[in-house]
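Chain by chain, the residues:
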Amino acid sequence: MWGYFRICPHPRISGNNFRVFHDDGLIGKEMNSEANKKNNESRKAVPVTVAYGDGIGPEIMEATLRIIKAGGANLDLETITIGESVFKKGITSGIEPSAWDSLRRTRVFLKAPITTPEGGGFKSLNVTVRKTLGLFANVRPCLSYYPFISTKHHDMDVVIIRENEEDLYGGIEHRQTADVFQCLKLISIPGSERVIRYAFEYARRYNRHKVTCFTKDNIMKLTDGTFRRIFDDVAREYPDIESEHWIVDIGAAKLADSPEVFDVIVMPNLYGDILSDVAAQIAGSVGLAGSSNIGDGFAMFEAIHGSAPRRAGQNLANPSGLLLAAVQMLVYIGQGDVATKVHNAWLKTIEDGIHTYDIFDPAVSRKKVGTKEFADAVIDNLGEYPQQLKSVNYPPHGNPLKIKLVERPAPSKELVGVDVFVDWRGSADELGKQLDEVSKPEFQLVMITNRGTKVYPGGIPDTFCVDHWRCRFQSATSGQPVTHRNVIDLFGRMVDAGIPPIKTEGLFTFDGEPGFSLGQGQ
Ligand code: IPM
Ligand code: MG
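Residues numbered from 1 in each chain as written. Chains lettered and ligands numbered in written order. Predicted model: local features only at pLDDT ≥ 70, side-chain atom pairs only at ≥ 80, totals over all residues. Heavy atoms only, no water.

Trainee: I tried to follow the overall build of the protein chain on my own but got confused; where do I start?
Mentor: Regarding its fold elements, the protein chain presents 14 helices and 23 strands. In terms of overall dimensions, the protein chain has C-alpha extents of about 90 × 55 × 45 Å along its principal axes. In the protein chain, buried positions account for 52% of the 522 residues. In the protein chain, of all internal contacts separated by at least 6 residues, the share reaching a separation of at least 24 is 76%. Computed over 59 positive and 65 negative side-chain charges, the separation of the two mean positions in the protein chain equals 4 Å. (Helix = DSSP H or I, 4+ residues; strand = E, 2+ residues; numbered from the N terminus. Buried < 20%, exposed > 50% of the residue type's maximum accessible area, 1.4 Å probe, protein only. Contact = heavy atoms within 4.5 Å. Lys, Arg positive; Asp, Glu negative; His and termini not counted. Charge placed at Lys NZ, Arg CZ, Asp CG, Glu CD.)

Trainee: Looking at this model, I keep getting lost on the environment of Gly313. Mind explaining?
Mentor: Its location among the elements puts Gly313 in the loop between strand S15 (299–303) and helix H10 (320–332). Placed 266 residues apart in sequence, Gly313 and Pro47 show a C-alpha to C-alpha distance of 28 Å.

Trainee: How do you make sense of the side chain of Ser285 when you look at a structure like this?
Mentor: Among the structural elements, Ser285 can be located in the loop between helix H9 (269–283) and strand S14 (290–294). Using a relative accessible area of 10% as the deciding quantity, one classes Ser285 as buried. Beyond its immediate chain neighbours, meaning those up to four positions away, Ser285 contacts Ala280, Asp358 and Ile359.

Trainee: Mind showing me how you'd approach the environment of Leu324 here?
Mentor: Looking at the secondary structure, you find Leu324 in helix H10. Sequence separation between Leu324 and Trp346 is 22 residues; the distance between their C-alpha atoms is 8.8 Å. Dropping the residues within four chain positions of it, Leu324 is found in contact with Tyr145, Leu288, Gly290, His343 and Trp346.

Trainee: Please clarify how the site of ligand 1 should be interpreted in this entry.
Mentor: Close to ligand 1 lie Ser124, Asn126, Val127, Arg130, Arg140, Arg162, Tyr169 and Asp273, which account for all nearby residues. Residue Arg130 places a side-chain N or O atom 2.6 Å away from an oxygen atom belonging to ligand 1. Within the contact set of ligand 1, an oxygen atom lies 2.8 Å away from a side-chain nitrogen or oxygen of Asp273. For ligand 1, the accessible surface in isolation is 320 Å², of which the surrounding protein chains cover 73%. Ranked by the residues each element gives to the shell around ligand 1, the list is headed by helix H5 (residues 125–132), at 3 residues. (Near = heavy atom within 4 Å. Polar contact = N/O pair within 3.5 Å; in protein donor to acceptor, adjacent residues only side chain to side chain. Areas by Shrake-Rupley, 256 points an atom, 1.4 Å probe, with all protein chains shown as cover.)

Trainee: Mind showing me how you'd approach the pairing of S15 here?
Mentor: Regular strands place their side chains on alternate faces of the sheet. Burial analysis of S15 places 5 of its 5 residues in the buried class, which makes it a mostly covered element. Here S15 shows no split at all, with Ala299, Phe301 and Ala303 on one side and Met300 and Glu302 on the other all buried. Judged from the 4 bridges that link them, strand S6 (residues 108–111) and S15 form a sheet pairing that is parallel. Of the residues in S15, the one forming a bridge with Leu110 is Phe301. For S14 and S15, the ladder comprises 5 bridges, and the chain directions are antiparallel. Within S15, the residue paired with Gly290 across the bridge is Ala303. Hairpin connection, S14 to S15: the antiparallel pair is bridged by 4 residues, and Gly297 has positive phi, about 85°. (Pairing = 2+ DSSP bridges.)

Trainee: Would you explain the sheet that holds strand S22 (residues 501–510) in this entry?
Mentor: For sheets, the rule is that strands pair by backbone hydrogen bonds, running either parallel or antiparallel. Within the open sheet, the 6 strands sit side by side as S20-S19-S21-S18-S22-S23. Their pairing is antiparallel. In this open sheet, the two edge strands, each paired with only one partner strand, are strand S20 (453–456) and strand S23 (513–514). Where strand S18 (residues 413–423) and S22 come together, 9 bridges link them in antiparallel fashion. Its bridge partner lying in S22, Val418 is registered against Gly506. In the packing of helix H14 (residues 484–496) onto the sheet, contacts are made with S18, strand S19 (443–450), strand S21 (468–475) and S22, and the angle to S18 comes to roughly 15°. (Axes fitted to C-alpha atoms, helices over the stretch in contact; angles between N-to-C directions.)

Trainee: What am I meant to see in the pairing of strand S4 (residues 46–51) here?
Mentor: The buried count for S4 comes to 5 of 6 residues, which makes it a mostly enclosed element. Looking at chain direction, S4 and strand S5 (residues 75–80) are connected through 6 bridges and run parallel. Counted as the bridge partner of Pro47 is Asp76 from S5. In this view, the connection linking S4 to its parallel neighbour S5 by way of helix H2 (residues 57–70) has right-handed handedness. One ladder, built from 3 bridges, connects S4 with S6; its direction is parallel. Bridging across to S6, Thr49 finds its partner in Phe109. (Right-handed = clockwise from strand over helix to strand, strands pointing away.)

Trainee: Where do I start with the packing of aromatic side chains in this structure?
Mentor: Each aromatic ring pair is described using two quantities: the centre-to-centre distance and the angle formed by the ring planes. This structure, assessed with the given rule, holds 12 aromatic pairs. Arranged with centres 6.4 Å apart and planes meeting at 35°, the rings of Tyr198 and Tyr202 form a pair that is tilted. Here Tyr198 and its partner Tyr202 are both found in helix H6 (residues 189–205), 4 residues apart, which amounts to about one turn of the helix. For the pair Tyr198 and Tyr202, a shared accessibility class is recorded, and that class is buried. (Phe/Tyr/Trp six-rings, centres within 6.5 Å; stacked < 30°, edge-to-face > 60°.)

Trainee: For this particular structure, what's the right way to read the environment of Tyr198?
Mentor: Residue class for Tyr198 comes out buried when judged on its relative accessible area of 7%. As a C-alpha pair, Tyr198 and Val139 span 59 residues in sequence and 9.7 Å in three-dimensional space.

Okay, here's the thing in structure tokens:
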């Protein structure tokens, strides 16, 4: 029987006094001041669900918990088992119902990286948790620690706020013909609005001066276009914060080249996934970035890197990503004083040149240490501040950002036609001629496109075509609505003609505006 259980405090860190071990032996410094003791006594333990994960997960989680407890975190931990071992039992989601019970009870999740087994049938657990709990904003601070960690970017301090539930991450994919596969990109108005508002609220709360939006709205005018339009609308409500939009390709190039010109960047899910790795890596290492996944009353905290199975079990891994995620968690649950202490101790350790292998550079590092020894060094530095790097100071009491969406009246929606996708091995003209006949009497065939490019009427023979065609039918009486019954009758005629639909999309207008794109070349 799998499930959650209360974790027993590690004997070395139970109680308020313990010893710190260095890699060169026992130093014997007593930790946890009176103040810590008092704080812990007066503060109620906050229930948190913890998953030790796969690969390097258990090592970095152990190190992280040891550090934050030494810093005075008062947590009531429930441990759940998720990931590889659960997948291997044949549970394709990688998570069991009892684990959901724990998450729904604590509403705070500290998660180590997990491994999703390769091969078909297994869903990404990260994505399942984010989407199931409605964790809409993925906050990924990427900053450089120059000159203590090698980087070309000395003044980089960028926070990427990634939309976390939508876009291509719905994982709604189909093979439709011998040639063609598709993945649906879904962008919603409320989904975009809440992450964009979150980005502006975050900027205000943390005194950041600018929010940038990245999209590809020159190509995806309806999906990315909606994200951008909402960004522009919301930005007007925050005149105190500068706002700007970049097309994602050139924006990404600028980010990689001159990250210091950016502050907070908000973007749809997939761009955010890719660019947060780029940003973290150019800041110094993807191994240093922690993230929070924020929902409405739920939050999950994790490193942005994966489970690195090749490094597992060797006391090599850098726990910093997960530790900085745990710092964000402490701020979220109202233990900001502990977050401040832990984060400053970590900065001091980085400054001391005590580095794990991944960031070790003889030019700047002083001592190469393993996971455990790194944790010991951070614990030893609790109460210390960095000398050169900027120290942090979090508000002592949690006050999670609350996002309120604007109410939008439902637009009037009218069916004006249908796009029918068909599997056809032949020429565009032959298909067009047959469908011209089939369209009558209610519809006219307006166009056929192949992978979005118009090939009928008036295509040219040079356009490369595959076996997947989108045929657009609109009302035979221009501008007039059609009925669903008309559409079903059209499908019937197509089936009779031996050209059955493989997929259809209704063409709707919303308050008179077309809710569909034109084909390329139209
Ligand atoms: C991340 C990861 C995940 C993602 C994977 C593991 C599903 O890359 O958290 O950035 O794509 O979101
Ligand atoms: Mg990623």
